[in-house]
Amino acid sequence: MDRTPSKPMAALWMAGWLALMLIIAIAGREALRELNVFQLMLMRSGIGLCLLYPLIYRSGGFAVVKTSRLPQHIARNSIHFCAQLGWFYALTLIPIGQVVAIEFTMPIWTAILAAMFLGERITIWKTLAIALGLIGVILIVRPATGEIDPGQLIALAAAVGFGISIAMVKSLTRTEQTLAIIFWMLAVQTAGSLLPALYVWTWPSLAIWGWGIVIAFCGTFSHYCMARALLHADATVVIPMDFLRVPLTAAAGWLIYSERLDAFTLLGAALILTGNVLNLKPSSPVPARAGA
């Protein structure tokens, strides 16, 4: 796989990531007009497994997804499954731009959990990023007004769940291959959504099947685009490009659904994104001890 450093190639792959993630938000909103969220998750994961198989086949078959850490995969993907349920459900309750803005608190929760359980350092920049992110959330949710939207709380809970999931992925990547991580994610989520989806099942229309296939395709291959972008540039170059997702999603919500974001939401999103930028600053090297 080509690993030649190239910012233009990284930007091209990130454009693919941004497009696919934007399509997921719109397709999810459309599909949930008719589907139950468990049905949508079953379609997303089950079809995603089918789409992933050619990559598994090219990599030598199912031997590539063998693992000795199945309990960790199940735990991680159970949390990720609940977070995705919440994210999709929040799309039906609040503007899609607001859902994505709140989602960007995920790096905050990941940093906290990585420090608690993986031994990563909390630098002054990470501390400032966490503070800005929390202030941003308070501005968006505005608990003092007494008019907290349940959709905002569900989106925030989903962001925390994604943060836990990413921290667990960091641990899994020490021993597991990328294809194995994606395979077990889709397998666990298919199993978790099967019975609830069958219980509420109503046969989707042809148009909804189309949206489901779109979500499965975008959800599976958006991660591939991100991985390819990271092959061509450092995370400090690649990840800030993802911040374009907030204004792009807000613009899509305005153009397609006539959704408007108030000044508090825009300011809160700006603080969250600023915190994420600070979180990307490299840590200072730890001074060597005398006599070491």
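Conventions used here
- Residues take numbers from 1 onward in each chain, read along the sequence in its written order.
- With pLDDT at 70 or above as the cut-off, local features in this predicted model cover only qualifying residues; side-chain atom pairs require 80 or more to be listed or tallied, and sums for whole chains, interfaces and linings still use all residues.
- Computation of side-chain values: all heavy atoms of the structure, hydrogens and water removed.
- A run of H or I in DSSP becomes a helix once it reaches four residues, and a run of E becomes a strand once it reaches two; helices and strands are each numbered from the N terminus.
- When we talk radius of gyration, it's over C-alpha atoms, and the globule rule is simply 2.2 Å times the number of residues to the 0.38.
- Buried residues are those whose accessible area, probed at 1.4 Å on protein chains only, stays under 20% of the maximum for their type, while exposed residues exceed 50% and partly exposed ones sit between those limits.
- In this description, contact between two residues means that some pair of their heavy atoms is separated by no more than 4.5 Å.
- Note that accessible areas follow from Shrake-Rupley with a 1.4 Å probe, and for residues the cover is restricted to the protein chains shown.
- Lys and Arg are tallied as positive, Asp and Glu as negative. Neither His nor the chain termini are counted.
- We put the charge of a Lys on NZ, of an Arg on CZ, of an Asp on CG and of a Glu on CD.
- Pairing of aromatic rings covers Phe, Tyr and Trp, the last counted by its six-membered ring, and requires centre-to-centre distances within 6.5 Å; plane angles under 30 degrees mean stacked, over 60 mean edge-to-face, and any other angle means tilted.
- Here, a charge over a ring means that NZ of Lys or CZ of Arg falls within 6 Å of the ring centre while also lying within 35 degrees of the ring normal.
- Here the nonpolar core consists of buried residues drawn from Ala, Val, Leu, Ile, Met, Phe, Trp, Tyr and Cys, with membership extended through side-chain atoms lying within 4.5 Å.
- To estimate the expected span of a helix, subtract one from its residue number and multiply by 1.5 Å.
- For every residue, the predictor reports its confidence as pLDDT, a number between 0 and 100.
- The angle between two axes is taken between their N-to-C directions and runs from 0 to 180 degrees, where each axis is a line fitted to C-alpha atoms and a helix contributes only its stretch in contact.
- For this classification, under 35 degrees means roughly parallel, over 145 means roughly antiparallel, 65 to 115 means roughly perpendicular, and everything else is oblique.
- Helix crossings are classified by the rotation of the near helix relative to the far one: an anticlockwise turn of less than a right angle makes the crossing left-handed, while a clockwise turn makes it right-handed.
- Polarity classes work like this: nonpolar for Ala, Val, Leu, Ile, Met, Phe, Trp, Tyr, Cys and Pro, charged for Asp, Glu, Lys and Arg, and polar for all others, with Gly in that last group.

Chemist: Can you walk me through the overall build of the protein chain in this structure?
Modeler: Counting secondary structure elements, the protein chain contains twelve helices and zero strands. What you see for the protein chain is a C-alpha radius of gyration of 19 Å, in line with the 19 Å of a compact globule of 292 residues. In terms of overall dimensions, the protein chain has a C-alpha envelope of 70 × 55 × 35 Å along the principal axes. A burial count over the protein chain gives 48% of its 292 residues as buried. Across the protein chain, every contact between residues at least 6 apart in sequence was considered, and the portion connecting residues at least 24 apart equals 90%. Counting every atom, the protein chain has about 14,600 Å² of accessible surface; 70% of that belongs to carbon and sulfur. Each charge class in the protein chain was averaged separately, 19 positive and 12 negative side chains, and the resulting centres sit 11 Å apart.

Chemist: Is there a simple way to think about unusual backbone geometry in this case?
Modeler: Most peptide bonds take the trans configuration, and most residues that are not glycine carry a negative phi. Of note, the phi angle at Ser 258 is positive, near 55°, even though the residue is not glycine. In this structure Ser 258 comes out as exposed when scored by relative accessible area, which is 60%.

Chemist: How do you make sense of the packing of aromatic side chains when you look at a structure like this?
Modeler: In this description, an aromatic ring pair is defined by two values, namely the gap between the centres and the angle between the planes. Inspection of every chain in the model, using the stated rule, returns eight aromatic pairs. Ring geometry for Tyr 53 versus Phe 62: centroids 5.8 Å apart, planes at 35°, classification tilted. Judged by relative accessible area, Tyr 53 falls into the partly exposed class, the value being 39%. With a centroid separation of 5.3 Å and an interplanar angle of 75°, the aromatic rings of Trp 87 and Phe 88 are classed as edge-to-face. Classification of Trp 87 as buried rests on a relative accessible area of 8%. Following the ring pairs from residue to residue traces out a cluster consisting of Tyr 53, Tyr 57, Phe 62, Phe 183 and Trp 184. The ring of Tyr 257 has Arg 29 lying over it, and the distance from NZ or CZ to the ring centre is 4.7 Å.

Chemist: In this structure, what is going on with the nonpolar core? I would like to understand it.
Modeler: As a rule of thumb, soluble globular proteins bury nonpolar side chains together. One finds Trp 87 and Phe 88 to be the most contacted residues of the largest nonpolar core, which totals 62 residues. It is helix H1 (residues 7-31) that provides the largest number of residues to this core, a total of twelve residues. Residues within four places of Phe 88 in sequence aside, it is in contact with Ile 24, Gly 28, Leu 32, Val 37, Leu 40, Met 41 and Ile 215.

Chemist: Please clarify how helix H5 (residues 106-117) should be interpreted in this entry.
Modeler: Residues spaced three or four apart along an α-helix point in a common direction, a consequence of the helix completing one turn every 3.6 residues. When the terminal C-alpha atoms of H5 are compared, their 16 Å separation across twelve residues agrees well with the 16 Å that a helix rising 1.5 Å per residue should span. Those residues of H5 that fall on the buried side of the exposure criterion are Ile 108, Trp 109, Thr 110, Ala 111, Leu 113 and Ala 114. Buried-residue contacts for H5 involve helix H6 (124-141), helix H7 (150-172) and helix H12 (263-279).

Chemist: Is there a simple way to think about the confidence of the model for the protein chain in this case?
Modeler: Should pLDDT be low for a region, the predicted coordinates there are not to be read in detail. Chain-level pLDDT for the protein chain is 83 on average; 90% of the residues reach the 70-or-more range. Within the model, the stretch residues 288-292 combines pLDDT values under 50 with zero contacts to residues more than four positions away or in other chains.

Chemist: I keep staring at the packing of H1 against helix H11 (residues 245-257) and nothing clicks. Help me out?
Modeler: For any two helices packed against each other, one specifies the inter-axial angle together with the distance between the axes. For the pair H1 and H11, the least separation of the axes is 10 Å and the interaxial angle reads 40°. Classified by the angle their axes make, H1 and H11 are oblique. At the point where H1 passes H11, the crossing takes the right-handed sense. Residues Trp 17, Leu 18, Met 21, Leu 22, Ile 26, Arg 29 and Glu 30 of H1 form the contact with H11, whose own contacting residues are Arg 245, Leu 248, Thr 249, Ala 252, Ile 256 and Tyr 257. A breakdown of the residues in the contact of H1 with H11 according to their chemical character gives nine nonpolar, one polar and three charged.

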